[in-house]
Amino acid sequence: MGAGTEPVEARHDAAEGRVYLDHNATTPLAPEAAQAVRDAMHQAWGNPSSSHPAGRKAKELIGCARESLARMVGGRPEDIVFTSGGTEANNMVIHTACRHFLESRARPGASRGTPHIVTSSVEHDSIRLPLEQLVKESLAEATFVAVSPRSGRAEVDDVLTAIRPTTCLVSIMLANNETGVIMPVTELSQHVHALNQRRVAEGLPRILVHTDAAQMIGKGRVDVQELGVDYLTIVGHKFYGPRIGALYVRGPSTTTPLHPMLFGGGQERSFRPGTENTPMIAGLGQAAELVSKNWEAYETHMRDVRDYLEARLEASFGKQRIHLNSHFTGSKRLCNTSNFSILGPGLQGRRVLSRCKMLLASVGAACHSEKGDRPSAILLSCGIPYEVAQNALRLSVGRDTTRADVDLVVQDLVQAVVQLDQDQAP
């Protein structure tokens, strides 16, 4: 590829004849973001902590990117802390909540207790596994609230019921990566805010609210003022940016606590030390600018193509043979996500994908790709029957996916199923 003039193409790889429908796993780098990375590598290579012109150039670029991310989520530039990605941001929130609880309990007259965190049963592993580790080490307690099989959501009443006197954090993702179901974070934040006012009067610790917005950014409206959260996780490679991330914190260390996990040179106001990755931060800022300007157009386009995909599947296989795993009564879902099962014996998701000649997709979360034919725990927790969940495919369209791509993919799935049905024949 030349010096940044050609578009980064992942929708349809002509050389391989493939159609990429795995945008919830990762997205290609937008050409504008790739150009920003290259420009920063050549023009902003100085250490941002240096006071000479080369350093000032890098620092200025980082400041512009910080403003772009803040604008994208409706926050202030000082509320943005750059991280290596979503996993670090999520771990940082959990670490902070536990530390803040212990410090608040250390005051005279306060009972100690163990910090308690409430989350859902369908969170990303970068929330679930740190909590399980803390529980294993007896450093925290955690409640994993089951999602409703009717709505696929972590219902507000169920989350509130799980809250205890020692609860210090509620962390609920904004949208699920497998089903696409959008969680009621705004309503939850409102209830927790009201609850916090009562807790202060009772001498109980404040409950912090976090949402992992990895899947929502670039596919729908994300505004931290509307959401009312204290923390929001931003993941670049989910919205056509590079593989770094950021954490939104509502007034870090003033309004909202933030404790570093690393200690070093004082970068990022010592919240996240380490010499800044200027080129990737520049690319992230550019990707954020694209989202701010175009998210409504992206959303409209992806919803149209996703709905067309589901209509073509039902038309090609028959409604009786397609089970739409991400359709829940009364729940909204991401504009680009379709989780479905082609019903029948021997049609496990992996087997179907292995017979596809064009489709590049997943059976579920990319980080679970080594788990064989075991159905997705997220689908099972949403009430999808085992034999249906086993056949699940997750197709997630992107900004460049067309109806013509969908036609090719559906034809590909039809031929794959015909092959597998023939294999099953006596």
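Residues numbered from 1 in each chain as written. Predicted model: local features only at pLDDT ≥ 70, side-chain atom pairs only at ≥ 80, totals over all residues. Heavy atoms only, no water.

A.B. asks: Before we move on, could you go through the layout of surface pockets and cite the residues and values that matter?
C.D. replies: What the second largest pocket holds in volume is close to 430 Å³. As for the second largest pocket, its lining consists of 23 residues, of which Ile182, Met183, Met216, Arg221 and Lys332 are closest to the centre. Looking at the lining of the second largest pocket, the elements that each hand over two or more residues are helix H6 (185-201), helix H7 (224-227) and helix H8 (278-317). Looking at side-chain class alone, the lining of the second largest pocket contains 10 nonpolar, three polar and 10 charged residues. (1 Å grid on protein atoms, 1.4 Å probe; cavity = no way out; pocket = protein on both sides within 12 Å on 5 of 7 lines; lining within 4 Å. Points joined across faces, edges and corners; volume = space filled by probe spheres on them. Helix = DSSP H or I, 4+ residues; strand = E, 2+ residues; numbered from the N terminus. Nonpolar A, V, L, I, M, F, W, Y, C, P; charged D, E, K, R; others polar.)

A.B. asks: Tell me about helix H2 (residues 53-73), and name the residues and values.
C.D. replies: With 21 residues, H2 ought to run about 30 Å at 1.5 Å a step, and its terminal C-alpha atoms sit 31 Å apart, in line with that. For H2, the full list of buried residues reads Gly55, Ala58, Ile62, Ala65, Arg66, Ser68, Leu69, Ala70, Met72 and Val73. Where H2 is buried, its residues meet strand E3 (80-83), H7, strand E8 (231-235), strand E9 (245-249) and H8. Gly74 sits one or two residues past H2 and shows a positive phi near 80 degrees. (Expected span 1.5 Å × (residues − 1). Buried < 20%, exposed > 50% of the residue type's maximum accessible area, 1.4 Å probe, protein only. Contact = heavy atoms within 4.5 Å.)

A.B. asks: Give me empty space enclosed by the protein: which residues, what numbers.
C.D. replies: Counted under the stated rule, the structure contains two cavities of 30 Å³ or more. Roughly 60 Å³ of internal volume is contained in the largest cavity. Contributing to the lining of the largest cavity are 13 residues, with Thr27, Lys219, Lys238, Tyr240 and Met302 lying nearest its centre. In terms of residue class, the lining of the largest cavity is built from five nonpolar, five polar and three charged.

A.B. asks: I'd love a proper account of the nonpolar core, names of residues and values included.
C.D. replies: When a protein is soluble and globular, its nonpolar side chains tend to lie buried together. The biggest cluster of nonpolar side chains holds 89 residues, and the ones touching the most others in it are Ile217, Leu232, Ile234 and Leu413. Residue contributions to this core peak at 14 residues, all from H8. Formed by 21 residues, the second largest nonpolar core is a distinct cluster that contains Ala89, Cys98, Leu134 and Leu258. (Core = buried A, V, L, I, M, F, W, Y, C linked by side-chain atoms within 4.5 Å.)

A.B. asks: I'd love a proper account of unusual backbone geometry, names of residues and values included.
C.D. replies: Despite not being glycine, Tyr240 shows a phi value in the positive range, around 65 degrees. Mapping Tyr240 onto the fold places it in the loop between E8 and E9. Even without being glycine, Ser253 reaches a positive phi, approximately 70 degrees. Tracing the backbone shows Ser253 in the loop between E9 and H8. Judged by its relative accessible area of 48%, Ser253 is partly exposed.

A.B. asks: How would you explain helix H12 (residues 403-424) if you had to name every residue and give the values?
C.D. replies: Taking 1.5 Å of rise per residue, the 22 residues of H12 would be expected to cover 32 Å, and the 31 Å separating its terminal C-alpha atoms lies within 8% of that figure. Those residues of H12 that fall on the buried side of the exposure criterion are Asp405, Val406, Val409, Val410, Asp412, Leu413, Ala416, Val417 and Leu420. Each buried residue of H12 sits inside an arc of 160 degrees when the element is viewed along its axis, so together they form one side. Among the exposed residues of H12, those pointing more than 90 degrees away from its buried face are Gln411 and Gln422. (Arc of directions from axis to C-beta.)

A.B. asks: Can you explain the environment of Val410? Please cite residues and give values.
C.D. replies: Tracing the backbone shows Val410 in helix H12. Residue classification places Val410 among the buried positions, given a relative accessible area of 2%. Val410 has contacts with Leu309, Arg312, Leu313 and Ser316, leaving out every residue within four places of it along the chain.

A.B. asks: Can you explain the sheet that holds strand E10 (residues 322-324)? Please cite residues and give values.
C.D. replies: Spatially, three strands are ordered E10-E11-E13 in an open sheet, and the strand pairing comes out antiparallel. The two strands at the open ends of the sheet, each matched to only one other strand, are E10 and strand E13 (392-396). Neighbour to neighbour, the strand axes of the sheet diverge by 30 degrees on average, direction disregarded. Sheet analysis places strand E11 (residues 337-342) next to E13, joined by five bridges and oriented antiparallel. Across the sheet, the residue bridging to Ser338 is Leu395, located in E13. Together, E10, E11 and E13 form the strand contacts of H8, whose direction differs from that of E11 by roughly 10 degrees. (Pairing = 2+ DSSP bridges. Axes fitted to C-alpha atoms, helices over the stretch in contact; angles between N-to-C directions.)

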